[in-house]
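Each chain, letter by letter, is given below.
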Amino acid sequence: VVLEEAMADHPDDELPIAALQCVVIAVAAVAAASVDSGAAPWSLPWEHLLAATAGGAPAWGVPAAVAYTGLVSTSLTIWLTAKVFAKLPSTDASVILASEPLWATGVAVALLGAPVGPSDAVGGALILGGLACNQGLLDRLVPGLADELAEHTASPGGMSRRRDEAPPGPGVDGARERD
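Worth saying up front: this structure is predicted, and the values here are computed from it rather than measured.

1. Looking at the overall build of the protein chain
Consideration 1: For the protein chain, the count of helices and strands is seven helices and zero strands.
Consideration 2: When the helices and strands of the protein chain are placed in sequence order, the string is α-α-α-α-α-α-α.
Consideration 3: A separation of at least 24 residues holds for 41% of the contacts in the protein chain among residues at least 6 apart in sequence.
Consideration 4: Of the roughly 12400 Å² of accessible surface on the protein chain, 68% is carried by carbon and sulfur atoms.

The structure is reproduced here in structure tokens:
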């Protein structure tokens, strides 16, 4: 929701907003490493990132992996997410983001042959159930539930609205109209 408001206020500034997100992630990661090791950030063992530690691995292997992880799988992904989600309401974005563990599991199974355990299956079923409920696909299983939920769904303007109604247009709490 905060990202949606920032993008509504500054629709052409997805790159600076993505950069800010990356800085926050970096600060949080260094803080977590510091707390975990009980050392100040400048006292952390950074040298293991610069030398090859695996037998016969090239010296550039670890720094290249860290650079790829930081630039492609984090920074580029956050920037693309900000660019795409600038055009989506937060409810639609949350549905997409909620399905991320399902995609990660599918890729891990397909590419790595990772096993899917019972807790993975239950978690996936709960995610799919939540997504189905959010999209109204289960409304006919419990008659009247959709109307009951619509009465309790608050819009950004503080007034109740049905799930299938578009949020208020521009000028009302910075929300965007649906296409």
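Further notes follow.
2. Examining a nonpolar patch on the surface
Consideration 1: On the surface, a nonpolar cluster with roughly 460 Å² of combined accessible area is contributed by Y68, L71, V72, L76 and L80.
Consideration 2: Residue class for L76 comes out partly exposed when judged on its relative accessible area of 38%.

3. Regarding the side chain of S34
Consideration 1: Relative to the elements of secondary structure, S34 occurs in helix α2 (residues 14-37).
Consideration 2: Judged by relative accessible area, S34 falls into the buried class, the value being 11%.
Consideration 3: Here S34 is in contact with A39, A40, P41 and L44, once residues within four sequence places are set aside.

4. Comments concerning the packing of helix α4 (residues 90-98) against helix α6 (residues 118-134)
Consideration 1: At a minimum axis distance of 10 Å, the contact between α4 and α6 shows a crossing angle of 160°. Classed by the angle they form, the pair α4 and α6 counts as roughly antiparallel. By crossing handedness, the relation of α4 to α6 is classed as left-handed. Residues T91, V95 and A98 of α4 form the contact with α6, whose participating residues are I127, L131 and N134.
Consideration 2: Of the residues contributing to the contact of α4 with α6, the split by class is four nonpolar, two polar and no charged.

5. A look at the layout of surface pockets
Consideration 1: A volume near 320 Å³ is recorded for the second largest pocket.
Consideration 2: For the lining of the second largest pocket, the secondary structure elements donating two or more residues are α3 (61-85), α4 and α5 (100-112).
Consideration 3: The biggest single contributor to the lining of the second largest pocket is α3, with five residues.
Consideration 4: Here the lining of the second largest pocket is built from residues that sort into seven nonpolar, four polar and one charged.

6. Focus: the packing of α2 against α3
Consideration 1: At a closest axis distance of 9 Å, the pairing of α2 and α3 adopts a crossing angle of 135°. When the interaxial angle is binned, α2 and α3 end up oblique. The two elements α2 and α3 meet at a crossing, and its hand is right-handed. For the pair formed by α2 and α3, the contact residues are E14, L15, A18, Q21, C22 and I25 on the first element and T74, S75, I78, W79, A82 and K83 on the second.
Consideration 2: Of the residues contributing to the contact of α2 with α3, the split by class is seven nonpolar, three polar and two charged.

7. Looking at α3
Consideration 1: With 25 residues, α3 extends 34 Å between its outermost C-alpha atoms, agreeing within 8% with the 36 Å of an ideal straight helix rising 1.5 Å per residue.
Consideration 2: Largest kink in α3: about 25°, centred on S75.
Consideration 3: Turning to α3, its buried residues are I78, A82 and F85.

8. Digging into the confidence of the model for the protein chain
Consideration 1: Residues with a pLDDT of 70 or more make up 70% of the protein chain, whose mean pLDDT is 74.
Consideration 2: Predicted confidence in the protein chain is weakest over helix α7 (residues 145-152), with a mean pLDDT of 66, and strongest over α5, with 89.
Consideration 3: Overall, residues 157-164 carries pLDDT values under 50, and its contacts beyond four positions in sequence, including any with other chains, amount to 23 contacts.
Consideration 4: Segment residues 171-179: pLDDT under 50, and 21 contacts once partners within four positions in sequence are set aside and those in other chains are kept.

Basis of the calculations
- Residues numbered from 1 in each chain as written.
- Predicted model: local features only at pLDDT ≥ 70, side-chain atom pairs only at ≥ 80, totals over all residues.
- Heavy atoms only, no water.
- Helix = DSSP H or I, 4+ residues; strand = E, 2+ residues; numbered from the N terminus.
- Contact = heavy atoms within 4.5 Å.
- Areas by Shrake-Rupley, 256 points an atom, 1.4 Å probe, with all protein chains shown as cover.
- Patch = residues over 30% accessible without salt bridge, like charges linked within 9 Å, V, L, I, M, F, W, Y side chains within 5 Å.
- Salt bridge = Lys/Arg side-chain N within 4 Å of Asp/Glu carboxyl O.
- Buried < 20%, exposed > 50% of the residue type's maximum accessible area, 1.4 Å probe, protein only.
- Axes fitted to C-alpha atoms, helices over the stretch in contact; angles between N-to-C directions.
- Parallel < 35°, antiparallel > 145°, perpendicular 65-115°, else oblique.
- Left-handed = near helix turned anticlockwise from the far one by under 90°.
- Nonpolar A, V, L, I, M, F, W, Y, C, P; charged D, E, K, R; others polar.
- 1 Å grid on protein atoms, 1.4 Å probe; cavity = no way out; pocket = protein on both sides within 12 Å on 5 of 7 lines; lining within 4 Å.
- Points joined across faces, edges and corners; volume = space filled by probe spheres on them.
- Expected span 1.5 Å × (residues − 1).
- Bend = angle between axes of the 7 residues up to and from the residue.
- pLDDT = per-residue confidence, 0-100.

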